[in-house]
Amino acid sequence: MSPVLERPAAAGAPAAAPEALLELRDLHVSYGKTAALHGVDLAITPGEVVALIGANGAGKSTTLRAISGLLRPTRGDILYKGHSIGGMAADRIVGEGIAQSPEERHVWPAMSVYENLALGAYLCKSKAGVEERVGKVYQRFPRLKERHKQLAGTLSGGEQQMLAIGRALMSEPTLLLLDEPSLGLSPRMAQEVFDFVREIHAHGVTVLLVEQNVHHALSVAQRAYVYETGRIVAERPAGELLRDTALLNAYLGG
Ligand code: ATP
């Protein structure tokens with residue numbers, strides 16, 4: 001399938017909207033000698049929920065990893081609040097206000113729920129501040145509160161997912177990167193995660209969401225970018241994309 005660029009505004013455009021919270025400009029990322037992103041341009045404004053959708057291996061997670069500093073761009077740049085963070089160390093990026101809940105949960109299995117959460121606030125030097133943040137996460141995810149002292153490795157998959165998201169929230173991010181938050185969850189827990197995305201959006205947090213469940217993703221996002229083999233091939237309002245079955249079939253196989 002040949003990629004058809006359907007997104008005229010931002011594709012390849014060096015100057016994105018001045019109010020953008022995050023901009024990727026001609027972003028190239030490789031794993032060793034294997035290129036995974038071949039020039040991605042996108043822009044997100046404060047308060048938006050934006051979804052990245054596309055087939056497996058299209059480059060969505062790689063994009064998030066580059067934004068959160070886990071991978072260095074080989075070309076192009078990542079601008080956050082107008083300044084470059086491309087290639088900055090991951091801990092400094094957290095300090096900038098960006099947190100990621102990774103695809104494979106990555107909780108520390110031999111640590112308790114509380115200890116996992118507290119580590120998410122490692123930049124917060126006040127114990128009272130950490131406690132306050134833990135309290136907020138427990139309020140949002142009461143199940144984690146019930147399992148306060150339980151070792152993370154003994155939680156169910158869904159609970160570990162909640163914990164990974166809770167830990168990302170502990171840094172009180174301005175921009176939250178969620179990689180496959182519903183992966184492996186029961187329909188009820190997946191619904192809880194998407195309700196949570198709506199809720200944090202209502203509190204002004206900007207969200208960049210990678211999600212295989214396209215229907216869910218497009219029901220919480222305002223806009224979406226469609227990826228194919230390391231490139232963006234379309235950008236649309238989420239509602240419009242949800243109705244565009246031809247495009248979804250072409251790039252997502254239905
Ligand atoms: P998925 O939903 O399957 O994770 P994705 O769109 O998030 O898909 P990426 O994980 O970003 O895709 O992968 C983009 C490309 O980079 C793929 O070709 C993949 O095989 C490759 N890739 C991803 N991670 C690695 C890695 N750690 N080492 C080498 N290549 C990788």
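Quick note: structure is the one above.
Residues numbered from 1 in each chain as written. Predicted model: local features only at pLDDT ≥ 70, side-chain atom pairs only at ≥ 80, totals over all residues. Heavy atoms only, no water.

**Q** Which parts of the structure should I look at to understand the overall build of the protein chain?
**A** Across its full length, the protein chain holds 10 helices and 10 strands. The C-alpha atoms of the protein chain give 18 Å as radius of gyration, which agrees with the globular expectation for 254 residues (18 Å, within 12%). Within the protein chain, the fraction of its 254 residues that count as buried is 52%. Sequence separation of 24 or more characterises 68% of the internal contacts of the protein chain that already satisfy a separation of 6 or more. Accessible surface, the protein chain: about 11,200 Å² in total, of which carbon and sulfur atoms supply 55%. Separation between the mean location of the 26 positive side-chain charges and that of the 27 negative ones in the protein chain comes to 4 Å. (Helix = DSSP H or I, 4+ residues; strand = E, 2+ residues; numbered from the N terminus. Rg over C-alpha atoms; globule rule 2.2 N^0.38 Å. Buried < 20%, exposed > 50% of the residue type's maximum accessible area, 1.4 Å probe, protein only. Contact = heavy atoms within 4.5 Å. Areas by Shrake-Rupley, 256 points an atom, 1.4 Å probe, with all protein chains shown as cover. Lys, Arg positive; Asp, Glu negative; His and termini not counted. Charge placed at Lys NZ, Arg CZ, Asp CG, Glu CD.)

**Q** Before we go on, may I ask you to explain the nonpolar core in this structure?
**A** Soluble globular proteins tend to pack their nonpolar side chains together in the buried interior. Counting 52 residues, the largest nonpolar core has Ile53 and Leu176 as its most contacted members. The leading source of residues in this core is helix H7 (residues 187-202), at 7 residues. Residues in contact with isoleucine 53, not counting those within four places in the same chain, are Lys60, Glu211, Val214, Ala217, Leu218, Tyr225, Val226, Tyr227, Leu241, Leu248 and Leu252. Among the nonpolar cores identified, the runner-up in size contains 29 residues, and Leu21, Leu24, Tyr227 and Ile232 belong to it. (Core = buried A, V, L, I, M, F, W, Y, C linked by side-chain atoms within 4.5 Å.)

**Q** I keep staring at the environment of threonine 206 and nothing clicks. Help me out?
**A** With respect to the helices, strands and loops of the structure, threonine 206 is situated in strand E8 (residues 206-210). Setting aside chain neighbours within four positions, we find threonine 206 in contact with Leu21, Ile44, Thr45, Pro46, Gly47, Glu48, Thr174, Leu175 and Leu176.

**Q** In this structure, what is going on with the sheet that holds strand E2 (residues 34-44)? I would like to understand it.
**A** The strands that make up a sheet are held in pairs by hydrogen bonds between backbone atoms, and each pair lies either parallel or antiparallel. Taking strand neighbours across the sheet as the criterion, the 4 strands line up as E2-E1-E4-E5 in an open arrangement whose pairing is antiparallel. Every other strand in the sheet has two partners, leaving E2 and strand E5 (83-84) as the edge strands with one partner each. Note: strand E4 (residues 75-80) against E5, 2 bridges, orientation antiparallel. Within the sheet, the bridge partner assigned to leucine 79 lies in E5 and is serine 84. Relative to strand E1 (residues 22-31), helix H1 (residues 60-67) is tilted by about 110°, and along the sheet it contacts E1, E2 and E4. (Pairing = 2+ DSSP bridges. Axes fitted to C-alpha atoms, helices over the stretch in contact; angles between N-to-C directions.)

**Q** Help me out: how do you make sense of the site of the ligand in this one?
**A** Close to the ligand lie 14 residues, the nearest being Gly57, Gly59, Lys60, Ser61 and Thr62. Glycine 57 is positioned with one of its backbone polar atoms (N or O) 2.7 Å from an oxygen atom of the ligand. At a separation of 2.8 Å, an oxygen atom of the ligand approaches a polar backbone atom of serine 61. Alone, the ligand offers 630 Å² of accessible surface; in the complex the protein occludes 62% of this. (Near = heavy atom within 4 Å. Polar contact = N/O pair within 3.5 Å; in protein donor to acceptor, adjacent residues only side chain to side chain.)

**Q** Would you explain the pairing of strand E6 (residues 98-101) in this entry?
**A** Along any regular strand, the residues point their side chains to alternate faces of the sheet. The alternating pattern of E6 places Ile98 and Gln100 on one face and Ala99 and Ser101 on the opposite face, and all of these are buried. Note: E6 against strand E7 (residues 175-179), 4 bridges, orientation parallel. Each residue of the ladder has a partner; that of isoleucine 98, found in E7, is leucine 175.

**Q** Honestly, unusual backbone geometry in this entry has me stumped. Any pointers?
**A** With the exception of glycine, most residues fall at negative phi, and the peptide bonds are largely trans. One non-glycine residue with positive phi stands out, namely aspartate 26, at about 50°. Here aspartate 26 lies in strand E1. The exposure class of aspartate 26 is partly exposed, given its relative accessible area of 30%.

**Q** Mind showing me how you'd approach the pattern of salt bridges here?
**A** Oppositely charged side chains can form a pair if their charged atoms are brought close together. Tallied over the entire structure, the rule returns 16 salt bridges. Put simply, glutamate 199 and arginine 140 hold a salt bridge, and the shortest N to O gap is 2.9 Å. Residue glutamate 199 is found in helix H7, and its partner arginine 140 is found in helix H4 (residues 127-140); the two are separated by 59 residues along the sequence. Relative accessible area serves as the criterion here: at 32%, glutamate 199 is assigned to the partly exposed category. (Salt bridge = Lys/Arg side-chain N within 4 Å of Asp/Glu carboxyl O.)

**Q** When you look at helix H10 (residues 245-252) in this model, what are you seeing that I'm missing?
**A** Note that an α-helix has 3.6 residues per turn; residues three or four places apart therefore point the same way. Three or more residues of H10 are buried, namely Leu247, Leu248, Tyr251 and Leu252. The buried residues of H10 occupy one face: seen down the axis, they fall within an arc of 100°. Opposite the packed face of H10, turned more than 90 degrees from it, sit the exposed residues Thr245 and Ala246. Residues of H10 that are buried in the fold lie against strand E3 (49-54), helix H8 (214-220), strand E9 (223-228), strand E10 (231-237) and helix H9 (238-243). (Arc of directions from axis to C-beta.)

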